Amino acid sequence: MKSCVLIKQVPDGDSPVVIADDQVSLKSAGISWTTNETDSYALEEALLLKEAHGGEVVVCTIGKDSALQVVKDALAKGADRGIFITDPQFDHLDSYGKAAIFAQVLKAENFDLIFSGLQSDNSSNAQTGLILAEFLGTAHATMVIGTEWVDDSKIKVNRELEAGWFRWTELDFPASLTIQSGINKPRYASLRGIMLMKKKPITTITSGDLKMDEIPTLSRIKKLYIPRKTKETVFISGSPEEIVTQLTDKLENEIKVL
Amino acid sequence: MKILAFIQIDDGTINKMSVETLAGAQKLAAATDGSVTAVTFGAVPDELKTFKMNEILNIQAAELEDYSPLYFIEALSRVIASESPDTVVFGHTYQVRDWVPRLSARLKLPFLVDCIGFKTDDAFTVTRQVSQGKINADMAFEIPALISFQSGAFRADEIEHGTTAVRTLTFDLAAVPKTIRPGEKYQQSGGSVDLSHAKVIVSVGRGIGKAENIPMVTELADALSAELGCSRPVVDYGWLPHERQVGSSGQTVTPKLYMALGISGAIQHQVGMKGADTIIAINKDENAPIFEIADIGVVADLFEIVPRLTESIKEKK
Ligand SMILES: Cc1cc2nc3c(=O)[nH]c(=O)nc-3n(C[C@H](O)[C@H](O)[C@H](O)COP(=O)(O)OP(=O)(O)OC[C@H]3O[C@@H](n4cnc5c(N)ncnc54)[C@H](O)[C@@H]3O)c2cc1C
Ligand SMILES: Nc1ncnc2c1ncn2[C@@H]1O[C@H](COP(=O)(O)O)[C@@H](O)[C@H]1O
């Protein structure tokens, strides 16, 4: 079985979110970068399937120079090889544009399974894996919270539905799966893994390597801004002791739960 | 603007987010001197006919009786080809997440997901939340476009009523590939915890840092005679069982008091708890979206506050 995992580099949850002067992008100062949360679960699921049923796991990202790190981290955890697609031109692509590039680069590899995260933490489009499925003409399933290998031609996946409901779905290979958090326990890279990573191949692809005159995009950010608060929140401040005194008073006399 | 509103029917009833979206579609039609056509697959619940629209377009095919993505995509592609709408709107349900992105790729139409509103002042734009709800983005695109709206983007009780006639079309979908085969839906055998009747819930998020810190919060919950709730990562990491998860894929709660400790307030969490009478949020980040819906906010390190609060409550009792 041959799998590909799409991994996106995103700012971590504690990074400052500051709108740049152009009002359509964020300032990169002070950001620490990390692997998108659900992509780590996607990688782990691909590695587990490979360990149980054999094959190869390839990781692929589109990003700026710093994004090479998410490829290296995945190789250190056990992926076999990396594809690093990088070009300043690709920075502001929408999901359609990115999926078009992935389709172009990955088509000839004939993957049985393409894994991606359910959605990215920063842009939350939740679309890339499905658009890619359409471009490559594969089966797909979203919000996958469990997998069960059937044979070399198909797989069963458990899809999460709202409010505690689930649904098993059988898919023919090739298929594109978007993975939900909690499906497994993502591993850490071992020291040995980090040593092995250094010998694993990474192919770098830039716009010149793509046979695409123009990368199609269907939407763009017109303006970014801080949301205006709609609810009147009463903020309690002071020393921890002062805060606790005021909170206790509210619990006792206003909310009346004591 | 000619608007199609896709109405999701779950076991014979209209999905709540579809009703909200229909209310939004009515507002968009009013703002653009346009029209609204509701599209349903399979059934037409009687309630739908009481909403004000130009028409209800009902598509019949055996394969549309139960959800399966490739059939839904094919059916709505045909509707869009024959009706030529300017926009098609959806509620951002889990089901919509599973098929509409692929529909958009097939038709090469933009799909703006999880929007919280639209603007028609200078150009038609929609607003999305990015960076975990900390930033709003107004999005530009060409019509025709597909747009999904977040839960709560519009109010269901603002929907306009009228009587609307149904036009039925029957599709032959036999040629659609059968590469995706959904099985039966099932519910995870319910745990012993029912948070939906709890009067007070103390809920903990990723800000708690590690499993070893959970007892600190349990003590506060005990002091308040409260149930313990949590956000999704706390369950993903195995710190608390799934039966305590609040949110779109967990439980929906409506307590008198909901205390959110180290929870950022993602929309998927909010939909499960925003109906609480009073929300108290303690979070070290003043920009956390939880403060959008909190009645009482404390910007502080929860480790500084929670143990002291537990002591203070115990003294009162
Ligand atoms: C389809 C789908 C379904 C989902 N279903 C659910 C669901 O049912 N329920 C759910 O909760 N989520 C759900 N999620 C996940 C959701 O999007 C968020 O990722 C999740 O709610 C975040 O949990 P959190 O707030 O605990 O963590 P984070 O977003 O990481 O927030 C942690 C917060 O803790 C604060 N903090 C950190 N340390 C401290 C400290 N010492 N003192 C005070 N504050 C601190 C931080 O400032 C931050 O705001 C779903 C997502 C998707 C895509
Ligand atoms: N630039 C990228 N590089 C690699 N994978 C990506 C990229 N953008 C999106 N993806 C994948 O698609 C998923 C959904 O992203 P999105 O559609 O942006 O919400 C992510 O979780 C990744 O698996």
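Not measured: the values here are computed from a predicted model.

### Considerations on the overall build of chain A
Here is step 1: Regarding its fold elements, chain A presents six helices and 13 strands.
Here is step 2: Each of the 258 residues in chain A was classed as buried or not, and the buried ones make up 53%.
Here is step 3: Look at the contacts in chain A between residues 6 or more apart in sequence, and 67% of them connect residues 24 or more apart.
Here is step 4: Element-wise, carbon and sulfur atoms account for 51% of the exposed surface of chain A, whose accessible area totals about 11,700 Å².
Here is step 5: Mean positive and mean negative side-chain charge positions of chain A (29 and 36 charges, respectively) differ by 1 Å.

### Points about the overall build of chain B
Here is step 1: When you go through chain B residue by residue, the secondary structure sums to eight helices and 17 strands.
Here is step 2: The dimensions of chain B, computed from C-alpha atoms along their principal axes, are 70 × 45 × 35 Å.
Here is step 3: Counting over 317 residues, chain B shows a buried share of 60%.
Here is step 4: Pairs at least 24 residues apart make up 64% of the contacts formed inside chain B by residues separated by at least 6 positions.
Here is step 5: Of the roughly 12,400 Å² of accessible surface on chain B, 48% is carried by carbon and sulfur atoms.
Here is step 6: Positive and negative charge centroids in chain B, built from 30 and 40 side chains respectively, lie 2 Å apart.

### Describing the site of ligand 2
Residues and elements named next belong to chain A.
Here is step 1: Among the 21 residues in the neighbourhood of ligand 2, the closest are listed as Leu-6, Asp-39, Ile-62, Ala-126 and Thr-128.
Here is step 2: Note that an oxygen atom of ligand 2 is positioned 2.7 Å from one of the backbone N or O atoms of Ala-126.
Here is step 3: The fraction of the free accessible surface of ligand 2 (480 Å²) that becomes covered by protein chains is 99%.
Here is step 4: Broken down by secondary-structure element, the contributors of at least two residues to the shell around ligand 2 are β4 (56-62), α3 (95-106) and β6 (113-117).
Here is step 5: Of the residues assigned to the shell around ligand 2, the class counts are six nonpolar, twelve polar and three charged.

### So, the sheet that holds strand β8 (residues 125-130) of chain B
Here is step 1: Spatially, ten strands are ordered β12(A)-β9(B)-β8(B)-β7(B)-β10(B)-β6(B)-β1(B)-β4(B)-β5(B)-β11(B) in an open sheet, and the strand pairing comes out mixed. The two strands at the open ends of the sheet, each matched to only one other strand, are β12 (219-225) of chain A together with β11 (166-170) of chain B. Within the sheet, the average angular offset between the axes of one strand and its neighbour, ignoring direction, is 35°.
Here is step 2: Relative to strand β10 (residues 145-149) of chain B, strand β7 (residues 111-119) of chain B is paired through three bridges, and the arrangement is parallel. Directly across from Leu-112 of chain B, in β10 of chain B, lies its bridge partner Ile-147 of chain B.

### A look at the domain arrangement of chain A
Here is step 1: Splitting chain A by domain gives domain 1 (2-209) and domain 2 (228-258).
Here is step 2: Averaged C-alpha coordinates put domain 1 of chain A and domain 2 of chain A at centres separated by 43 Å.

### Some points on the pairing of strand β17 (residues 296-299) of chain B
Here is step 1: Taken together, the two bridges between strand β13 (residues 234-235) of chain A and β17 of chain B define a ladder with parallel strand orientation. Residue pairing in the sheet places Val-234 of chain A in a bridge with Ile-296 of chain B of β17 of chain B.

### Structural notes on a negative patch on the surface
Here is step 1: A surface patch of like charges, here negative, comprises Glu-219, Asp-222, Glu-311 and Glu-315 of chain B.
Here is step 2: Listing elements by their share of the negative patch, those giving two or more residues are α4 (214-223) and α8 (302-316) of chain B.

### Here's the deal with the confidence of the model for chain B
Here is step 1: On average, chain B scores 96 in pLDDT, and the residues at 70 or more come to 99%.
Here is step 2: For this predicted complex, the interface confidence reaches an ipTM of 0.96, while the overall pTM sits at 0.96.

### Some thoughts on the interface of chain B and chain A
Here is step 1: With 84 residues of chain B at the contact, the number on the chain A side is 83 residues.
Here is step 2: Linking chain B with chain A are twelve salt bridges, by the criterion used here.
Here is step 3: Between Arg-308 of chain B and Glu-241 of chain A there is a salt bridge whose closest N-O contact spans 3.1 Å.
Here is step 4: Element by element, the count of residues in the side of chain B that touches chain A is highest for helix α3 (residues 94-107) of chain B, at nine residues.
Here is step 5: Broken down by class, the residue content of the side of chain B that touches chain A amounts to 38 nonpolar, 20 polar and 26 charged.

### Observations regarding the pattern of salt bridges
Here is step 1: Per the stated rule, a full pass over the model turns up 35 salt bridges over all chains.
Here is step 2: Put simply, Glu-134 of chain A and Arg-102 of chain B hold a salt bridge, and the shortest N to O gap is 2.7 Å. On the criterion of chain membership, the pair formed by Glu-134 of chain A in helix α4 (residues 128-136) and Arg-102 of chain B in helix α3 is interchain, its members lying in two chains.
Here is step 3: Residue Glu-134 of chain A is classed as buried on the basis of its relative accessible area, which comes to 17%.
Here is step 4: Among the salt bridges present, the one from Lys-52 of chain B reaches Glu-160 of chain B, with a minimum N-O distance of 3.3 Å. With Lys-52 of chain B in the loop between β4 (35-41) and β5 (55-60) and Glu-160 of chain B in the loop between β10 and β11, this pair connects stretches of sequence that are 108 residues apart.
Here is step 5: For Lys-52 of chain B, a relative accessible area of 45% corresponds to the partly exposed category.

### Side note on the site of ligand 1
Here is step 1: Lining the immediate environment of ligand 1, one finds 31 residues, of which Ser-231, Ser-249, Ser-264, Gln-268 and Asn-283 of chain B sit closest.
Here is step 2: Site remark: ligand 1 is flanked by residues from chains A and B.
Here is step 3: At 2.8 Å, a side-chain N or O of Gln-245 of chain B approaches an oxygen atom of ligand 1.
Here is step 4: Between ligand 1 and the protein, one listed contact pairs a nitrogen atom with a backbone N or O atom of Val-246 of chain B at 2.8 Å.
Here is step 5: Surface burial for ligand 1 is 88%, taken as the share of its 980 Å² of free accessible area covered by protein chains.
Here is step 6: Listing elements by their share of the shell around ligand 1, those giving two or more residues are α3, α5 (232-236), α6 (267-273) and α8 of chain B.
Here is step 7: Partitioned by chemical class, the residues of the shell around ligand 1 number ten nonpolar, 15 polar and six charged.

### Observations regarding unusual backbone geometry
Here is step 1: Here the residue pair Phe-173 of chain A and Pro-174 of chain A is connected by a cis peptide bond, since its omega of -10° sits within 30 degrees of zero.
Here is step 2: Inspection of the secondary structure puts Pro-174 of chain A in the loop between β9 (165-172) and β10 (175-179).
Here is step 3: Of note, the bond from Ile-143 of chain B into Pro-144 of chain B is cis; its omega dihedral lies within 30 degrees of zero at 0°.
Here is step 4: With respect to the helices and strands, the residue Pro-144 of chain B is situated in the loop between β9 (135-141) and β10.
Here is step 5: One non-glycine residue, Lys-256 of chain A, lies in the positive phi region at around 55°.
Here is step 6: Locating Lys-256 of chain A in the fold gives a position in the segment after α6 (240-254).
Here is step 7: Given the relative accessible area of 54%, Lys-256 of chain A is considered exposed.
Here is step 8: Notably, Ser-84 of chain B is not glycine yet its phi reads approximately 45°, a positive angle.
Here is step 9: In this structure, Ser-84 of chain B sits in the loop between α2 (69-83) and β6 (87-91).

So, how was this worked out
Residues numbered from 1 in each chain as written. Chains lettered and ligands numbered in written order. Predicted model: local features only at pLDDT ≥ 70, side-chain atom pairs only at ≥ 80, totals over all residues. Heavy atoms only, no water. Helix = DSSP H or I, 4+ residues; strand = E, 2+ residues; numbered from the N terminus. Buried < 20%, exposed > 50% of the residue type's maximum accessible area, 1.4 Å probe, protein only. Contact = heavy atoms within 4.5 Å. Areas by Shrake-Rupley, 256 points an atom, 1.4 Å probe, with all protein chains shown as cover. Lys, Arg positive; Asp, Glu negative; His and termini not counted. Charge placed at Lys NZ, Arg CZ, Asp CG, Glu CD. Near = heavy atom within 4 Å. Polar contact = N/O pair within 3.5 Å; in protein donor to acceptor, adjacent residues only side chain to side chain. Nonpolar A, V, L, I, M, F, W, Y, C, P; charged D, E, K, R; others polar. Pairing = 2+ DSSP bridges. Axes fitted to C-alpha atoms, helices over the stretch in contact; angles between N-to-C directions. Domains from an automatic or database assignment. Patch = residues over 30% accessible without salt bridge, like charges linked within 9 Å, V, L, I, M, F, W, Y side chains within 5 Å. Salt bridge = Lys/Arg side-chain N within 4 Å of Asp/Glu carboxyl O. pLDDT = per-residue confidence, 0-100.

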